[in-house]
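Residue-level listing of the chains:
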Amino acid sequence: KGLISVIVPVYNSEDYLEKCIESILHQTYQNVEILIVNDGSAQKCTDKLNQLAHLNDSIKVYHLSKSKGAGFARNHGITNANGEFVYFLDSDDYLPEKTLEMLINNIQDYCIIRGKIKKTTFANSLAVILEGLSKLSHYTDNKYNLLNNKSALNTLIRRDFILKEQLKFSEQVNLYSDLGFIVPAFNKCEVVPYLKEAIYFKRKRNDPISNPSLNQSDDYYKIKDYIHIYNKLKDSSNDEALNTYIDKQFLNFYRKNIVTYFKEYRSIDNFYNSLHKTFIRLNHDLVNEHSTVLKREANALINGTIKQYKRINVQHQFLRELKSAVKTKKKFYTFLYRKVFMKTKMKKDFVFFESFLGKAYSDNPKYIYEYMLHNKMRYKYVWSVLEKKDIPGDPIQVKRFSLRYFYYLAKSKYWVSNSRLPKYLNKRDGNIYLQTWHGTPLKTLVFDIKDIYSADPNYKSNFYIQSRRWDYLNSPNRYSSKIFRSAFKYDKQMLEYGYARNDILYQRNSYDAIKEIKERLGLPINKKVILYAPTWRDDEFFSRGNYKFTLKLELDKMQAKLASDYIILLRTHYHIANQLDVSEYKDFVIDFSLYDDIAELYLVSDILITDYSSVFFDYAHLKRPILFYTYDIEKYRDQLRGFYFDMEEEVPGPLLLTTDEVINAINQIKQVHANYQDKYEAFYNKYCVWDNGNAAENTVKTIFVDNE
Ligand code: C2G
């Protein structure tokens, strides 16, 4: 069987390149040459490429001295190809091992064959292919449907067909250059066979801010290039079916991308003329299949003036928003938020608080609030909660995402939150947002995370939008300040006073105060207290934001060995949705997962057991013993998150892998604690020295006094 030339354009994709090339080398079909075209990448990527080029003789690398775009690079590959067939693979994507074999086995006498493109956010997706079940389908009249992804990827094409039809990727555009190649190619084939078992993994990249893929380019360029390519295709098409296809595609693009772009930027001026010329070319019967809204816009674009078009566009934006607003209650509330509440006057003395997405009355926001309350500052307070809570000072409580929640968000000059507020909020002039964050990081955060294994692949871009609104950020120590700057790309004011939530660890660390809390919590006074507070796992969840926790401490054993002297307070992370049933360990294990404030649990406990949670940075303020139950450290550190430092080296207690080790350590806790004395001191000096009980005061003075 014939040689396949696999053409791989490369542009700054050093993180993905190896996976891509290995996936070609591991194909079951081996008669392959690999043509890599380096489109003027930065040195880091070029170096990586040169290193990989030695893996195999079949790899040929072409370096372009400056970047000319993926279209140019692929054409360069075609010019240098020797194969009977040509296949395009992008340098951040990869193939299951049988894809090329399946395509070539099924191309028969056709010029082209197409496989399925699967999007993935993971570096190691697996395709399960059941031998013998693959079935070729043939597309004729409906062949253009295969092009819905606007891409020339996962298509095996005869090279002599490319040469005969002079197929070329468009070099005038950065985006959609594929269409210039693949649309005429499909046009020349009466039948396009399609094999859905031949899979191509297209990586959905997770960092559109620091390293965007082409698809993640700014909408302005997308629109510019799409209008260009549409007109190009239109110039060369004389076939009715093709005309209909590209007109329909254009109208969809207009509806989905162009109109929404105008909504956000009102930058119609840039595109009016080219849209005017483009709309004149469209088949009017197709325009008429669309809504009245779109028809009026088309009419204004063809026959009217820019002023008319703008007016109609604004009206239509409003109608579109209204139409979407009536779909769900939350959408309706956000509509009112934007159109009504945001137009009323902001209240200078309203402060809006939220902790852990409304799940708790706790953490830095709680202690900042209580400082203001006790000092009788003249503000009105609003707390966002999931259900009504017992909060001192009787503040206004609003249910998160209720109508009142949106009303008070719009009205309040000050926002104080320890995690993110919704993406669709708008900040207005004078609005001040204090982000307190919720811990010193051990596990890498946002832009420092490579692969996102959690439920939300848009995590980084959402985070970026949400964090642009922060005006102040609390930092617990110098180490965190540095990380927050890079991991959040935060460049505004950092409040380096320590954490308000730790004030209590300095103010109430006394026998009487602890006794009072124990009594309030109903804890026995004669038993020692162990707090077990593990964190969550990115890859264990029921759904977005609802994580699952499986208890790996063997409570039976612990009860048998420890119950006479100790009780255990079990405290799962606020992301954890399942409640663990510990009823059989009554009197030994008490579940405090739903208790609001972990700081009080720190105060009453004699020993902390945790894992990769930031709780140990706070607990260390008390200088009491800490044990690390890190049964899954390798997976957690190496696959899921990555750490900022070596736990074994730095943490102030032993890393334990089994329940027995935990029990042993507890039985000799004095000795264990003494063994870690030096490390503990170094740890305290690095992470705990900013706190002295005054963080809330310092924060409040900066935010509320300075901004009067
Ligand atoms: N927390 C808690 N109970 C737990 C775990 C955490 O109450 N069992 C609270 C603590 O206040 C802790 C905070 O939630 O400091 C953050 O928890 P982490 O386990 O550190 O996890 P995460 O929410 O992912 O925070 O920069 C901070 C962290 O890196 C991210």
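Residues numbered from 1 in each chain as written. Predicted model: local features only at pLDDT ≥ 70, side-chain atom pairs only at ≥ 80, totals over all residues. Heavy atoms only, no water.

**Student:** Can you break down the overall build of the protein residue by residue, with the values?
**Tutor:** Broken down by element type, the protein carries 28 helices and 23 strands. Each of the three principal axes of the protein carries a C-alpha extent, and together these read 90 × 60 × 45 Å. For the protein, long-range pairs separated by at least 24 residues make up 74% of all intrachain contacts whose partners lie at least 6 apart in sequence. Roughly 32,200 Å² of accessible area belongs to the protein as shown, and the carbon and sulfur atoms make up 48% of that amount. Charge separation in the protein, taken as the distance between the mean sites of 104 positive and 86 negative side-chain charges, equals 8 Å. (Helix = DSSP H or I, 4+ residues; strand = E, 2+ residues; numbered from the N terminus. Contact = heavy atoms within 4.5 Å. Areas by Shrake-Rupley, 256 points an atom, 1.4 Å probe, with all protein chains shown as cover. Lys, Arg positive; Asp, Glu negative; His and termini not counted. Charge placed at Lys NZ, Arg CZ, Asp CG, Glu CD.)

**Student:** For the pairing of strand E12 (residues 412-417), give the residues involved together with the corresponding values.
**Tutor:** The buried fraction of E12 amounts to six of the six residues, a majority that puts the element mostly inside the structure. Examined bridge by bridge, strand E9 (residues 347-354) and E12 share five bridges and lie parallel to one another. Counted as the bridge partner of Glu354 is Ser417 from E12. With four bridges joining them, E12 and strand E13 (residues 432-435) adopt parallel strand pairing. What sits directly across from Tyr414, in E13, is Ile432. (Buried < 20%, exposed > 50% of the residue type's maximum accessible area, 1.4 Å probe, protein only. Pairing = 2+ DSSP bridges.)

**Student:** Lay out the sheet that holds strand E14 (residues 472-474) in plain terms, naming residues and giving numbers.
**Tutor:** Here seven strands make up an open sheet; going across it, the order is E11-E10-E9-E12-E13-E14-E15 and the pairing parallel. Every interior strand has two partners, whereas the edge strands, strand E11 (396-399) and strand E15 (493-495), have only one. On average, each strand axis in the sheet is tilted by 20 degrees relative to the strand beside it, whichever way the strands run. (Axes fitted to C-alpha atoms, helices over the stretch in contact; angles between N-to-C directions.)

**Student:** I'd like a rundown of the confidence of the model for the protein, residues and numbers included.
**Tutor:** In the predicted model, the protein carries a mean pLDDT of 94, and the fraction of residues at 70 or more is 98%. The complex prediction reports pTM at 0.88, with the ipTM value standing at 0.94. (pLDDT = per-residue confidence, 0-100.)

**Student:** Any chance you could break down the site of the ligand for me, citing the residues and the numbers?
**Tutor:** In the vicinity of the ligand, 21 residues are found, and the nearest of them are Thr535, Arg571, Tyr574, Ser613 and Ser614. Measuring from an oxygen atom of the ligand, one finds a side-chain N or O atom of Trp437 at 2.8 Å. Taking His573, its side chain carries an N or O atom lying 2.8 Å from an oxygen atom of the ligand. If the ligand stood free it would expose 610 Å²; the protein chains cover 97% of that surface. (Near = heavy atom within 4 Å. Polar contact = N/O pair within 3.5 Å; in protein donor to acceptor, adjacent residues only side chain to side chain.)

**Student:** Can you explain the pattern of salt bridges? Please cite residues and give values.
**Tutor:** As a working rule, side chains carrying opposite charge can pair if their charged atoms are close by. All told, the structure shown has 37 salt bridges when counted by the stated rule. The closest approach of N and O atoms between Glu197 and Lys196, which form a salt bridge, is 3.7 Å. Judged by relative accessible area, Glu197 falls into the buried class, the value being 14%. For Lys196, a relative accessible area of 48% corresponds to the partly exposed category. Of the charged contacts, one joins Glu321 and Lys339 as a salt bridge, the two residues approaching to 3.5 Å between their closest N and O atoms. Within this pair, whereas Glu321 is found in helix H12 (residues 306-325), its partner Lys339 is found in helix H13 (residues 329-339), the two being separated by 18 residues in sequence. Taking the relative accessible area as the measure of exposure, Lys339 reaches 28% and is therefore partly exposed. (Salt bridge = Lys/Arg side-chain N within 4 Å of Asp/Glu carboxyl O.)

**Student:** Tell me about the sheet that holds strand E6 (residues 136-139), residues and numbers included.
**Tutor:** The eight strands lie next to each other as E3-E2-E1-E4-E7-E5-E8-E6, forming an open sheet whose pairing is mixed. Looking at the sheet topology across the chains shown, the edges are occupied by strand E3 (59-64) and E6. Across the sheet, the mean angle from the axis of one strand to that of its neighbour is 30 degrees, orientation sign disregarded. Where E6 lies against strand E8 (residues 192-203), four bridges are found, and the strand directions are antiparallel. Within the sheet, the bridge partner assigned to Leu136 lies in E8 and is Leu195. Contacts from helix H2 (residues 43-52) reach strand E1 (4-10), strand E2 (32-39) and E3 within the one sheet, and its direction differs from that of E3 by about 155 degrees.

**Student:** Break down empty space enclosed by the protein for me, citing the residues and quoting the values.
**Tutor:** Scanning the model with the defined rule gives three cavities of 30 Å³ or more in all. Of the pockets and cavities examined, the largest cavity occupies roughly 70 Å³. Lys150, Leu179, Val183, Tyr226, Ile229, Tyr230, Leu233, Tyr245, Ile246 and Gln249 together form the lining of the largest cavity. Those elements that place two or more of their residues in the lining of the largest cavity are helix H6 (177-188), helix H7 (219-236) and helix H8 (240-265). With four residues, the single largest contributor to the lining of the largest cavity is H7. The residue inventory of the lining of the largest cavity, partitioned by class, reads eight nonpolar, one polar and one charged. (1 Å grid on protein atoms, 1.4 Å probe; cavity = no way out; pocket = protein on both sides within 12 Å on 5 of 7 lines; lining within 4 Å. Points joined across faces, edges and corners; volume = space filled by probe spheres on them. Nonpolar A, V, L, I, M, F, W, Y, C, P; charged D, E, K, R; others polar.)

**Student:** Report on the packing of aromatic side chains, specifying residues and quantitative values.
**Tutor:** Enumeration over the complete set of coordinates arrives at 69 aromatic pairs. Considering the side-chain rings of Tyr144 and Tyr245, the 4.6 Å spacing of their centres and the 15 degrees angle between planes classify their relative orientation as stacked. Note that Tyr144 is positioned in the loop between E6 and strand E7 (155-158) and Tyr245 in helix H8, a separation of 101 residues in sequence. Tyr245 carries the same exposure label as Tyr144, and that label is buried. On the basis of an interplanar angle of 35 degrees and a centroid distance of 5.6 Å, the ring pair of Tyr612 and Phe643 is categorised as tilted. With Tyr612 in the loop between strand E21 (607-610) and helix H22 (615-619) and Phe643 in the loop between helix H23 (633-640) and helix H24 (647-650), this pair connects stretches of sequence that are 31 residues apart. Phe643 carries the same exposure label as Tyr612, and that label is buried. An aromatic cluster of at least three residues, connected via ring pairs, comprises Tyr176, Tyr226, Tyr230, Phe250, Phe253, Tyr254 and Phe279. (Phe/Tyr/Trp six-rings, centres within 6.5 Å; stacked < 30°, edge-to-face > 60°.)

**Student:** Quick one: what's the story with the pairing of strand E10 (residues 380-385), residue by residue and with numbers?
**Tutor:** Counting buried positions along E10 yields five of six residues, so the element is predominantly enclosed. Here five bridges tie E9 to E10, and the two strands are oriented parallel to one another. Among the inter-strand pairings, Glu354 is bridged to a residue of E10, identified as Ser384. Handedness of the crossover is the feature at issue here: the chain leaves E9, passes through helix H14 (residues 363-374), returns alongside E10, and the resulting connection is right-handed. (Right-handed = clockwise from strand over helix to strand, strands pointing away.)

**Student:** I'd like to hear about unusual backbone geometry, residue by residue, with values.
**Tutor:** In the Ramachandran plot, Val446 falls in the positive-phi region, its phi being about 25 degrees despite a non-glycine side chain. Take Val446: it is sitting in the loop between E13 and helix H16 (459-467). For Val446, a relative accessible area of 0% puts it in the buried group. Positive phi values are uncommon outside glycine, yet Lys623 reaches one of about 60 degrees. Along the polypeptide, Lys623 turns up in the loop between H22 and strand E22 (626-629). Overall, Lys623 belongs to the partly exposed group, its relative accessible area being 48%.

**Student:** How would you summarise H7 if you had to cite specific residues and measurements?
**Tutor:** Spanning 18 residues, H7 covers 26 Å between terminal C-alpha atoms, matching the ideal 26 Å at 1.5 Å per step. Where H7 is concerned, the buried positions are Lys222, Ile223, Asp225, Tyr226, Ile227, Ile229, Tyr230, Asn231, Leu233 and Lys234. Structurally, the start of H7 carries an N-cap: the backbone nitrogen of Tyr220 is 2.9 Å from a side-chain oxygen of Asp218. (Expected span 1.5 Å × (residues − 1).)

**Student:** An account of the environment of Lys345 is needed here, citing residue identities and associated values.
**Tutor:** Following the sequence through the fold, Lys345 ends up in the loop between H13 and E9. Assessed through its relative accessible area of 71%, Lys345 is described here as exposed. A sequence separation of 67 residues divides Lys345 from Ser412, and the C-alpha atoms of the two residues are 9.5 Å apart.

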